[in-house]
Amino acid sequence: MGSYARPSPVGRRGARALLLTLLAGVLAVIASLSAPPPALAAESTLGAAAAQSGRYFGVAVAANRLSDATYVSIAAREFNSVTAENEMKIDATQPQRGQFNFQAADRVYNWAVQNGKEVRGHTLAWHSQQPGWMQSLSGSALRQAMIDHINGVMSHYRGKIAQWDVVNEAFADGSSGARRDSNLQRTGNDWIEAAFRAARAADPSAKLCYNDYNVEDWTWAKTQAMYAMVRDFKQRGVPIDCVGFQSHFNSGSPYNSNFRTTLQNFAALGVDVAVTELDIQGAPSSTYASVVNDCLAVSRCLGVTVWGVRDSDSWRSEHTPLLFYNDGSKKPAYTAVLNALNGGSTTPPADGETIRGVGSGRCLDVPGSTADGTQVQLWDCHSGANQQWTYTGAGELRGYGDKCLDAAGTGNGATVQIYSCWGGDNQKWRLNSDGSIVGVQSGLCLDAVGAPPPTAPGSSSTPARTVPTSAGPAPDATHGVPVATTAATGTAWAERQPVSRPRRVGGPCPPRTVPDRGGDLSGLGCEVGSVRTLRARTAPPRACCESASVHPKVGAVEAGQLAQGRLGPDAAQGVREPRAPVLVG
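Predicted model, so just to flag it, every value in this text is computed and none were measured.

Per-residue confidence for the chain averages 75 on the pLDDT scale, and 66% of its residues sit at or above 70. A low-confidence stretch, residues 344–351 stays under pLDDT 50, and its non-local contacts, those more than four residues away or across chains, total 30 contacts. Note that pLDDT drops below 50 for residues 451–476; the model gives that stretch 63 contacts with residues more than four away or on any other chain.

Printed below as a string of structure tokens:
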């Protein structure tokens, strides 16, 4: 969807290094004090409030409005994610076959990154807003043109876009549940699959999404047809990472409270979900709050994007559907959304608290060094600074003041370490009500898995224990077991107490781009048994280290998911300098 309106049809729209991993096993974080830790301080902007739970609150931005001071002021202040309203669509980026034009798209992208916002790409394959040359093609020629377009656009933004709406609006309105009769559909029923496979090859680091409208109501045929397609793709290994729900609610397509069920059911297939183009006729406060709370209730909901800044900027301005009046002042719906976002994150540990694994009874610990790249582990709980963690409003787990819990990759089993805080999504964590801790970038859970690594110089002299990964657990097997990221449901951290910070050992490694998904990672959410790591697109230079370890107390592979905390103490070496925005053009 974009600012190009179309008819609204009826019914529409001191120890051993811990490797933090997402694996099978259970570590839960529960309050160990008689009184619960204090809640997060309320944030004053939508983006900052959403970040408390590891999500984004974004906005569609139009290049031709970036000269409007009021528009720019609101967009810069309130949102932490940007979608180009029309500038990345087919007609804008390839007006003549083989001649790409990114001038307008780059203007939106560069403004976003210069203002500290992530960017969603919208959209690569769509029946609408095709340039004339594409409309004149059919059959294999059109199929190849679609693939060439995907390659051209994604290559230009390779490693720079968080999520791409690869295919947009491929299902028909109404009760048939059929595919839309478009020129792309007539190239063969496998055209959507072909688009996703081409997109994965073009940029392995981007989340690949399917995006549609009138799919929010779980009972609708269109919703069920989209669900069947996503389920089929996941079963067959077609690379789809997320589903976007446009959420254009109006009198012909009203909000239904079963939207939360819809989000939950899609997330259960092993994909992330997002509200991608939200606007609500009349901007009722209660409905806006309900949509936001629906997202907050689903751990795999990445965030919410509203389709415009002020009512006057909306593609349906006559519906007055947005959060700001024409003059830029806030509507009551704005306050309702902000309140929902401020109340939507789980209570983090207070400053100086530990994070204790439920199954092991041990604490998240930074072993022996505060240097960047030190992996974290599980260790006997104590009051040392290397087990103290603070959860920040930005979604970071901080230790020693300036060190953040950091995911060194985006695949299952990726190392979890401490690193100088730099604001990347690979250093942001979402705290779930079940005690699990999920990486914002990867959607994977913090987990304890594997055998403890050998004793590093300066660490505890307690001998390492081998922890079987398939046979039964070794005695006291959780001591020093690596912690990593995986997809494991039910993985949780049992107690909040002073916890040491994870660290990593090893030499520096060159900058690298880590694929978003590698191999078969189709498991759902944080699902026991599947391993995933926090997502880190185009990771900045960081130290390479052996896998950190967690000490699962009961079991060879015991998952422990962190929700909050601080990472290790003295990171005297290898401090990573702040990364400057990468612009395009």
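Next comes the rest of the write-up.
In contact at an axis separation of 10 Å, helix H8 (residues 221–236) and helix H9 (residues 259–267) are set at 15° when each is read in the N-to-C sense. When the interaxial angle is binned, H8 and H9 end up roughly parallel. Judged by the sense of rotation from one axis to the other, the crossing of H8 with H9 is right-handed. When H8 is examined against H9, the residues Thr223, Met226, Tyr227 and Val230 are found in contact with a partner set consisting of Thr262, Asn265 and Phe266. Considered class by class, the residues forming the contact of H8 with H9 number 4 nonpolar, 3 polar and no charged.

Before going further, it helps to examine the pattern of salt bridges. One pass over the full model with this rule turns up 19 salt bridges. Lys207 is paired through a salt bridge with Asp272; the nearest N and O atoms lie 2.0 Å apart. Here Lys207 is found in strand S6 (residues 207–212), whereas its partner Asp272 is found in strand S9 (residues 272–280), with 65 residues between them in sequence. Each member of the pair, Lys207 together with Asp272, is buried. Salt-bridge contacts for Asp212 lead to Lys222; the nearest nitrogen and oxygen are separated by 3.4 Å. Of this pair, Asp212 sits in strand S6 while Lys222 sits in helix H8, and the two are 10 residues apart along the sequence. Its relative accessible area of 0% is what places Asp212 among the buried residues. According to the relative accessible area criterion, Lys222 is buried, its value standing at 2%.

The rules behind each value
- Residues numbered from 1 in each chain as written.
- Predicted model: local features only at pLDDT ≥ 70, side-chain atom pairs only at ≥ 80, totals over all residues.
- Heavy atoms only, no water.
- pLDDT = per-residue confidence, 0-100.
- Contact = heavy atoms within 4.5 Å.
- Axes fitted to C-alpha atoms, helices over the stretch in contact; angles between N-to-C directions.
- Helix = DSSP H or I, 4+ residues; strand = E, 2+ residues; numbered from the N terminus.
- Parallel < 35°, antiparallel > 145°, perpendicular 65-115°, else oblique.
- Left-handed = near helix turned anticlockwise from the far one by under 90°.
- Nonpolar A, V, L, I, M, F, W, Y, C, P; charged D, E, K, R; others polar.
- Salt bridge = Lys/Arg side-chain N within 4 Å of Asp/Glu carboxyl O.
- Buried < 20%, exposed > 50% of the residue type's maximum accessible area, 1.4 Å probe, protein only.

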